[in-house]
Amino acid sequence: MPKIIVKFNEAVIKDVPLDREQFTIGRKPDNDVVIDNPAVSGHHAKLSRVQAVYFLEDLGSTNGTFVNEKKIDKRQLKDGDRVTIGKHVLLYEDEAKGLALPPAQAVDTDKTMILDTQKQRELLKAEQTTQPKPKEQIGVLQVLSGGTDKKEYQLTGRIVLIGSQDGSTVKLTGWFAPKVAAMISRRPAGYNISLSEDGKKVLVNGTPIQGRADLKDGDLLEVAGVKMSFLLKD
């Protein structure tokens, strides 16, 4: 039976046998696999069984889901795969690792063909060679008013913290500046801003956000009394 081994700092936390068709992974207690860590989203990822294999799907998490150090949206797991969620590692083990999928035409999948690994590689390679690579754009925050240690910040990291604590990319100054006021995430689809665990108010174009909001070129942000302009530059 397949299973996942949950590890933190190389110490084994738990073994989870995969004996059902679906498992949810996240920080909230209603998940099948609970990871109590602030870097993990409330409902972070999902494991789904299709025939004899499991697929891992990211559920729009803030920090992303990684398989063998590569960020994924949805991916079939193989024996030995190393899944990274927040600061935890989940090792996927499948005793039936040599088991092959039955022919796709024997399964009703709404006409969707199940491809073998070699065919997937060929299609991905063909797509990469035929489609031009889009020009990468970097987010920039320009401070309009408020207490910060700089007037402009380039958002080159995957996670950008806005607050007064050490290690914050956007360092807030002042006696009452919160340690963590908000967080900006950089994902393949673009940038988004999310609230801190303390629920400090964040405004985008004058409107308070609920949980998380996507950012567009020219958006005006207000975080802990600091007003900033979000820009995209090549």
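Let us look at the structure shown here. In this text the structure is predicted, and so the values were computed from the model without any measurement. (Residues numbered from 1 in each chain as written. Predicted model: local features only at pLDDT ≥ 70, side-chain atom pairs only at ≥ 80, totals over all residues. Heavy atoms only, no water.)

Under the counting rule described, the total for this entry stands at one aromatic pair. Plain terms: the ring middles of Tyr 191 and Phe 230 are 5.5 Å apart, the flat faces sit at 65° to each other, and that makes the pair edge-to-face. Here Phe 230 lies in strand E22 (residues 226-233) and Tyr 191 lies in strand E17 (residues 190-195), a separation of 39 residues in the sequence. Each member of the pair, Tyr 191 together with Phe 230, is buried. Over the ring of Phe 23 we find Arg 20, and its NZ or CZ is 4.4 Å from the ring centre. One Lys or Arg, Lys 74, reaches over the ring of Phe 55 and ends 5.8 Å from the middle of that ring. (Phe/Tyr/Trp six-rings, centres within 6.5 Å; stacked < 30°, edge-to-face > 60°. Helix = DSSP H or I, 4+ residues; strand = E, 2+ residues; numbered from the N terminus. Buried < 20%, exposed > 50% of the residue type's maximum accessible area, 1.4 Å probe, protein only. Lys NZ or Arg CZ within 6 Å of the ring centre and 35° of its normal.)

With that settled, consider the sheet that holds strand E5 (residues 45-50). The strand order across the open sheet built from five strands is E4-E3-E5-E6-E9, with neighbouring strands paired in mixed fashion. Of all the strands in the sheet, the pair left with one neighbour each is strand E4 (33-34) and strand E9 (74-76). Pairing analysis gives three bridges linking strand E6 (residues 53-58) to E9, with the strands arranged antiparallel. Bridge pairing in E9 places Glu 57 opposite Lys 74. (Pairing = 2+ DSSP bridges.)

To continue, consider unusual backbone geometry. The backbone phi angle of Asn 9 is positive, close to 55°, even though this residue is not glycine. Here Asn 9 lies in the loop between strand E1 (3-8) and strand E2 (11-17). Relative accessible area serves as the criterion here: at 65%, Asn 9 is assigned to the exposed category. The residue Glu 69 is not glycine, and still its phi comes out positive at about 70°. By secondary structure assignment, the location of Glu 69 is in the loop between strand E7 (65-67) and strand E8 (70-72).

The subject of this paragraph is the environment of Gly 60. Along the polypeptide, Gly 60 turns up in the loop between E6 and E7. Judged by its relative accessible area of 27%, Gly 60 falls in the partly exposed class. Separated by 19 residues in the primary sequence, Gly 60 and Ser 41 place their C-alpha atoms 8.8 Å from one another. Discounting chain neighbours no more than four positions away, the residues touching Gly 60 are Arg 187 and Arg 212. (Contact = heavy atoms within 4.5 Å.)

Attention now moves to the side chain of Ser 229. In this fold, Ser 229 is placed in strand E22. With a relative accessible area of 10%, Ser 229 lands in the buried category. Excluding residues that lie within four positions of it along the chain, Ser 229 makes contacts with Val 140, Leu 141, Gln 142, Leu 144, Asp 219 and Leu 220.

Here we take up the sheet that holds E2. Sheet strands associate in pairs through backbone hydrogen bonding, adopting either a parallel or an antiparallel arrangement. Strand order in the open sheet made by the six strands is E2-E1-E11-E10-E7-E8, with antiparallel pairing throughout. The open sheet has two edge strands with one neighbour each: E2 and E8. The average undirected angle you get between the axes of adjacent strands in this sheet is 30°. Judged from the six bridges that link them, E1 and E2 form a sheet pairing that is antiparallel. Of the residues in E2, the one forming a bridge with Ile 4 is Val 16. (Axes fitted to C-alpha atoms, helices over the stretch in contact; angles between N-to-C directions.)

Once that is clear, we can look at the pattern of salt bridges. Opposite charge on two side chains makes pairing possible when the charged atoms of those side chains draw close. In total, this model carries eight salt bridges according to the counting rule given. The partner of Glu 10 in a salt bridge is Lys 7, with the nearest N and O atoms 3.1 Å apart. Here Lys 7 falls in the buried class, since its relative accessible area comes to 15%. In this structure, the salt-bridge partner of Arg 82 is Glu 10, at a minimum N-O distance of 3.2 Å. Of this pair, Arg 82 sits in strand E10 (residues 82-85) while Glu 10 sits in the loop between E1 and E2, placing them 72 residues apart in sequence. In this structure Arg 82 comes out as partly exposed when scored by relative accessible area, which is 28%. On the basis of relative accessible area, Glu 10 is assigned to the exposed category, the value being 53%. (Salt bridge = Lys/Arg side-chain N within 4 Å of Asp/Glu carboxyl O.)

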